[in-house]
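# Descriptive analysis of the structure
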Amino acid sequence: MKKLELETIIGLEIHLEIKTKSKLFCSCSNNTKLTEPNVQICPICLGQPGVLPVFNKEALKNILILGLALKGKINLISWFDRKNYFYPDLPKGYQISQYSLPFIKGGCVEIDSVDGVRKISLERIHLEEDTAKLIHSSDDQWSSLDFNRAGVPLMEIVTEPCLKSPIEAKIFLQELRTIARYLNISEADMEKGQFRCDANISLRPKGEKKYFPKTEIKNLNSFKAVGDALEYEIIRQTKLWQEKKQPKISSTRGWDEKKKNTYPQRSKEDVQDYRYFPEPDLPSIDFNELKKEDIDLELLEKNIIELPGTRKKRLIQMYNFSSVDANILIENKGLVDFIEEALVKLREWIVSTDIIDGTEEEIWETSKHQISKVTANWLINRLLPLLKKDGKNEKDISLEKFVEFIVLIYEKKISSTLAQTILERIFVKDENLSQIMDHPSVKQIDSEDNLIDIVREVIKNNQDTVDKYKQGKHQVVQYLIGQVMKKTNGQANPKLVQELFEKELS
Ligand SMILES: [Zn+2]
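Residues numbered from 1 in each chain as written. Predicted model: local features only at pLDDT ≥ 70, side-chain atom pairs only at ≥ 80, totals over all residues.

By size, the foremost hydrophobic cluster in this structure holds 56 residues, and its most contacted members are Ile 63, Met 155, Ala 169, Phe 172 and Ala 199. Per-element accounting of this core gives the leading share, seven residues, to helix H1 (residues 57-69). Split by domain, this core shows at least three residues from each of two domains, domain 1 (10-198) and domain 2 (202-273). When sequence neighbours within four positions are dropped, the list of residues in contact with Ala 169 reads Ile 10, Leu 12, Leu 163, Ala 199, Val 226 and Leu 230. (Core = buried A, V, L, I, M, F, W, Y, C linked by C-beta atoms within 7 Å. Buried ≥ 20, exposed ≤ 12 C-beta atoms within 10 Å, placed from the backbone. Helix = DSSP H or I, 4+ residues; strand = E, 2+ residues; numbered from the N terminus. Domains from an automatic or database assignment. Contact = placed C-beta atoms within 7 Å.)

Dropping the structure here:
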């Protein structure tokens, strides 16, 4: 019998809460840090009769920024639709959403996938209001409703069914989250429910072109849950295909985090008919008219910043960062902005010194890889972990101090043992670098007279190593330098020590 080979097809629907001052259709604050329930509410977001929604153009600006950044097509005339359904978290009995004409059609997100670079196509991005939040007690005895979230602006981003695996789905979501943060349109924090995901998955025999009925897994609230739920579904659906019981209709399932399985929620037949129709309380949106109200598409497009994927490629090419370092840096816009600023300052410094001869460009070309390596290493592996212990991050680092510190290391004025102590003193204890450097316990020993005896002693006590050096293994000098550093508590000038060894052993 021919073995049944199946392939996976995944499509995602992402809800992203938009960062704005006020809600989508009323002036209530959209403060995400709030913990007290039902204090950011008004008759509009409570859906009381006799009120009219007023459209918040700030939310529109943000969805347009994302649409333009992802190269989607803007529908120049658009409107809102009513999505009618009954649920306790929906006070009006309908949700103001978009159906027939979303603001954005198409677009794509480029990801570094397991199969190399892939362009994940989007079907649409539309704007809608969020529902209130339903909170259920752990014993299922009561439920409570928090309307602070009702009416918060929400984007729905729908991909084409073009993702091939759970890992690819996770990579896509991570990239989308980073993009949203870069563009400053959403905090996109999954734990806070600002970034929520439904995943559609179906299987089909390899080579088949048509799509088969899909399963929608609702409300996945972490990247791990997305991956785990999709993995589970692949196993469940593969078994159904092997038994010739593959799904005949589309269905909806939930994800049980504790049991690590999906469970049926409702089948296609009982999905409500939403009876969409154009929202009569809001005028349609014509972008030619909006230009007068400060929403200028050309201007928005001109101001789109470099996206993380492009920036990562540029950083690797420009500074030779390892891909591990580039990934750590790129995920946090504050951090990558910081290191780029530091490198600009370091460039200014190195071209103004006379360590190397040449034009500014030549000097920078010769030194930039080493400087970037030292900078990334001290920032990522030494300074950030140190600050983290204190509950601080890159925002607490003074750029000037950091640059001064890197210069010391690059010029080899301090050993790395000493550097670690100094790092702690200037960034955690907030001490002054020049004062530290003047102190006798730190001050570098850079006089030949003070070092030559120690160098000679090290030579005398390490005859084996010295023999190796004399046989041409010149790299062993590093070991000898290390011995001198140990004896001087890291205060000896390593460059000078090296020169002394070379002289003594020649
Ligand atoms: Zn309100």
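This is not the end of the story, as more comes after the structure.
Next up on the list: helix H11 (residues 416-427). Spanning twelve residues, H11 covers 16 Å between terminal C-alpha atoms, matching the ideal 16 Å at 1.5 Å per step. The set of residues buried in H11 consists of Leu 418, Ile 422, Ile 426 and Phe 427. Mapping the buried residues of H11 onto a view down its axis gives an arc of 135°, with all of them on the same face. Where the residues of H11 are buried, they touch helix H9 (360-389), helix H10 (399-410) and helix H12 (433-438). (Expected span 1.5 Å × (residues − 1). Arc of directions from axis to C-beta.)

A positive phi angle, near 50°, is found at Asn 219, a position not held by glycine. For Asn 219, the location among the structural elements is in strand S13 (residues 215-220). Classification of Asn 219 as partly exposed rests on a count of 13 C-beta atoms within 10 Å. If you check the backbone angles, Lys 244 has positive phi at about 60° while not being a glycine. Within the secondary structure, Lys 244 sits in the loop between helix H3 (223-242) and strand S14 (251-256).

Pairing geometry for strand S6 (residues 104-105) and strand S8 (residues 116-129), over two bridges, is antiparallel. Across the sheet, Ile 104 pairs through a bridge with Ile 125, a residue of S8. Looking at chain direction, strand S7 (residues 108-113) and S8 are connected through six bridges and run antiparallel. Pairing of Glu 110 across the sheet is with Lys 119, part of S8. Here S7 hands over to S8 after two residues, the two strands then running antiparallel side by side. Pairing between S8 and strand S11 (residues 153-159): seven bridges, direction antiparallel. Paired with His 126 across the strands is Glu 156, a residue of S11. (Pairing = 2+ DSSP bridges.)

To continue, consider the domain arrangement of the protein. Structurally, the protein comprises domain 1 (10-198), domain 2 (202-273), domain 3 (308-438) and domain 4 (448-505). Domain 2 and domain 3 are separated by 48 Å when their C-alpha centres are compared.

Turning our eyes to something else, we now look at the pairing of S13. In terms of strand pairing, strand S12 (residues 195-205) meets S13 through four bridges, oriented antiparallel. What sits directly across from Ala 199, in S13, is Ile 217. One ladder, built from three bridges, connects S13 with S14; its direction is parallel. Bridging across to S14, Thr 215 finds its partner in Ser 251. Running through H3, the crossover from S13 to the neighbouring parallel element S14 is left-handed. (Right-handed = clockwise from strand over helix to strand, strands pointing away.)

Pairing within the open sheet is antiparallel, and its three strands lie in the order S5-S4-S16. Two strands bound the open sheet, and with one partner strand each, they are strand S5 (94-97) and strand S16 (277-278). Pairing geometry for strand S4 (residues 81-84) and S5, over four bridges, is antiparallel. Pairing of Lys 83 across the sheet is with Gln 95, part of S5.

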